[in-house]
Number of protein chains: 2
Amino acid sequence: MGFFDGMPAVEPSARVGFAGNRIERRSEHRSADAVPAAVGDDRARFYLFRGDKVLLRGSDPLFEPREADGLGAVRDETVLLGWAGDGPRLASLLPDSAQIDEQRIGLVDLRTVATGAMVTPEHLGALAQARALMNWHGRHRFCSNCGAATTIANGGYRRDCPRCQAQHFPRTDPVVIMLAIRNERVLLGRQRQFQPGMYSALAGFLEPGETIEDAVRRETLEESGVPIGRVRYHASQPWPFPMSLMIGCHCEALSDTISRDEAELEDCRWFTRDEARAMLAGTHPDGLKAPTNIAIARTLLAAWSGG
Amino acid sequence: MGFFDGMPAVEPSARVGFAGNRIERRSEHRSADAVPAAVGDDRARFYLFRGDKVLLRGSDPLFEPREADGLGAVRDETVLLGWAGDGPRLASLLPDSAQIDEQRIGLVDLRTVATGAMVTPEHLGALAQARALMNWHGRHRFCSNCGAATTIANGGYRRDCPRCQAQHFPRTDPVVIMLAIRNERVLLGRQRQFQPGMYSALAGFLEPGETIEDAVRRETLEESGVPIGRVRYHASQPWPFPMSLMIGCHCEALSDTISRDEAELEDCRWFTRDEARAMLAGTHPDGLKAPTNIAIARTLLAAWSGG
């Protein structure tokens, strides 16, 4: 009894940016004719991209199939995301040459759409799914096994090699991102490319042969020199830049002494709970800032600080 | 205070198969000459593979550089795993034609090495790291971006394209594996290829745009028809067949009614705690079995049943 007692009905992962996806994927029913069959449904709607930008009509990112066709959408650049309550949902990458009437249709990169909450969480989640798939197709038009050009298959969830018959599936890269805690303080770092004053949780790609906990300990040690003991999973997040799964953890620092990886981090230091709260509230006396509202690092910091 | 209170000093992930890796990767210091520099160290030792098989001298999987050279190891098939207490650890895939004196050196596939505990947990973890990297190199000799042949770089942790300059990094596929719980019973399924009588936790690849919890709910619903509420992460496991990260969870079933995906599962049903314990102990009256000792599904089942 009570195996889930004390757990909230809605997990922290449900509240991170890009987690609002409600599309029903029906992954077991994807077939060779998935895209044409879906497009033939009157209720089919498209999410559309040109390059890195999402097409938006006000706050509405959905387009009818005839609109997608008119803008130059082609089947080879179209994926079937799944079904929403009222019909199939597809996504397509328009050619760079697509002419778009920017009086009527906005072109906005997905980070800006997300940080500005320019669409509903449901649409933002679907756009993350679509963007990750587009990014994958964009870098995987050739067979990594033999070098031949591959073709899109199974509604965009596979690419097939006509020469060596290899099948390739979308890639999702696990990244650990962690907040190390010791004596009521947390460890945050700054990369040079961060916006001025912003500090965030340390992070890095999980490597072959690692558990999540081992990756948390290795990355923290490599970047900050701080040894880590226990690790507690907190939340995960789809991160479509280009195709990651962020795995957010709190972890127990075993030392205060920092030895920063100077190539990776411009600064790395301990922050008190009061400082963390001020950074989250935007009231830090030195103008220091927490990560943006779409970053899981902010979720980790808020969960620890109560901010 | 007490953010980690109640957590064990050693997490469940540390006890799964393939989790014993103690190699220090020093990922931030990998360089173009990482492999030759490491081979030049007197304390360097190789893990060796021919095809799917590990080379073993009794329970010892380590070979000296001159032995690796003698067996035909080449630099293009060699990766630097990192450092153990007494020196660099490398891994190399021998050519299929490599002549091995099977009176002196055993050739055993990694699953058998693992289930038979034929090497120490430390070696088993290192072999998992090595095997996943070998599997990745084996399927990624060409650039997925342009089709050109790529070259190994950064100690085997990157492949570079000489034509389009793309850099490719080892892939690790996140898989969710979960034990659904309801009314003191757990949901287990059987795939046709399982050994007779074995039942295991449901599992599937996490897809682009999903959180871990969303993937657990989708996969369970698709395979069994059982809707899921809360999800609790339990442990993770490197799984080098060919290159996965198993993310093990317990989850809360919201219905008893099963509607099995017949293409995926031969059977799917609820098991009581007594049945689960008997399966773990090998004493189930119908001869039903829990997964093998190296499977994280067994860890999930044991944690729930107290077995």
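Right above here is the structure, for reference.
Residues numbered from 1 in each chain as written. Chains lettered and ligands numbered in written order. Predicted model: local features only at pLDDT ≥ 70, side-chain atom pairs only at ≥ 80, totals over all residues. Heavy atoms only, no water.

Asker: What should I look at first to understand the relation of the copies chain A and chain B in this one?
Answerer: Each of the two copies of the chain can be brought onto the other by a rotation about an axis and a shift along it. Of the transformation placing chain A onto chain B, the axial shift is 0.0 Å and the rotation is 180°, giving an RMSD of 0.0 Å. Read as a symmetry element, the transformation amounts to a two-fold axis. Taking C-alpha positions as reference, the residue of chain A nearest the rotation axis is Gly147 of chain A, located at 2.0 Å. With an isologous cut-off of 70% or more, the 100% of interface residues of chain A that recur at the interface of chain B puts this contact in the isologous class. (Least-squares fit on C-alpha atoms with pLDDT ≥ 70 in both. Contact = heavy atoms within 4.5 Å.)

Asker: Hey, could you run me through the sheet that holds strand 8 (residues 158–160) of chain B in this one?
Answerer: Note on sheets: strands pair through backbone hydrogen bonds, and any given pair is parallel or antiparallel. Residues and elements named next belong to chain B. Spatially, three strands are ordered 7-8-9 in an open sheet, and the strand pairing comes out antiparallel. The strands lining the two open edges of the sheet, one partner per strand, are strand 7 (151–153) and strand 9 (167–168). Note that strand 7 and strand 8 share three bridges and pair antiparallel. Paired with Ile152 across the bridge in strand 8 is Arg159. Against the sheet, helix 4 (residues 121–139) contacts strand 7, strand 8 and strand 9, and its axis sits at roughly 15° relative to strand 8. (Pairing = 2+ DSSP bridges. Helix = DSSP H or I, 4+ residues; strand = E, 2+ residues; numbered from the N terminus. Axes fitted to C-alpha atoms, helices over the stretch in contact; angles between N-to-C directions.)

Asker: What exactly am I supposed to notice about the sheet that holds strand 9 (residues 167–168) of chain A here?
Answerer: Residue and element names in this part refer to chain A. With antiparallel pairing, the three strands of this open sheet are ordered in space as 7-8-9. Each of the sheet's edge strands pairs with one partner strand only, and the pair in question is strand 7 (151–153) and strand 9. Relative to strand 9, strand 8 (residues 158–160) runs antiparallel, the two sharing two bridges. By the bridge assignment, Arg159 is partnered in strand 9 with His168. Sitting on the sheet, helix 4 (residues 121–139) is in contact with strand 7, strand 8 and strand 9, with an inclination near 15° to strand 8.

Asker: Would you mind going over the pairing of strand 13 (residues 228–239) of chain B with me for this structure?
Answerer: When a strand is regular, its side chains alternate between the sheet's two faces. All names here are of chain B. Burial analysis of strand 13 places 11 of its 12 residues in the buried class, which makes it a mostly covered element. Pairing geometry for strand 13 and strand 14 (residues 244–253), over nine bridges, is antiparallel. Note on strand 14: the bridge partner recorded for Ser236 is Ile247. Two successive antiparallel strands, strand 13 and strand 14, enclose a turn made up of four residues. (Buried < 20%, exposed > 50% of the residue type's maximum accessible area, 1.4 Å probe, protein only.)

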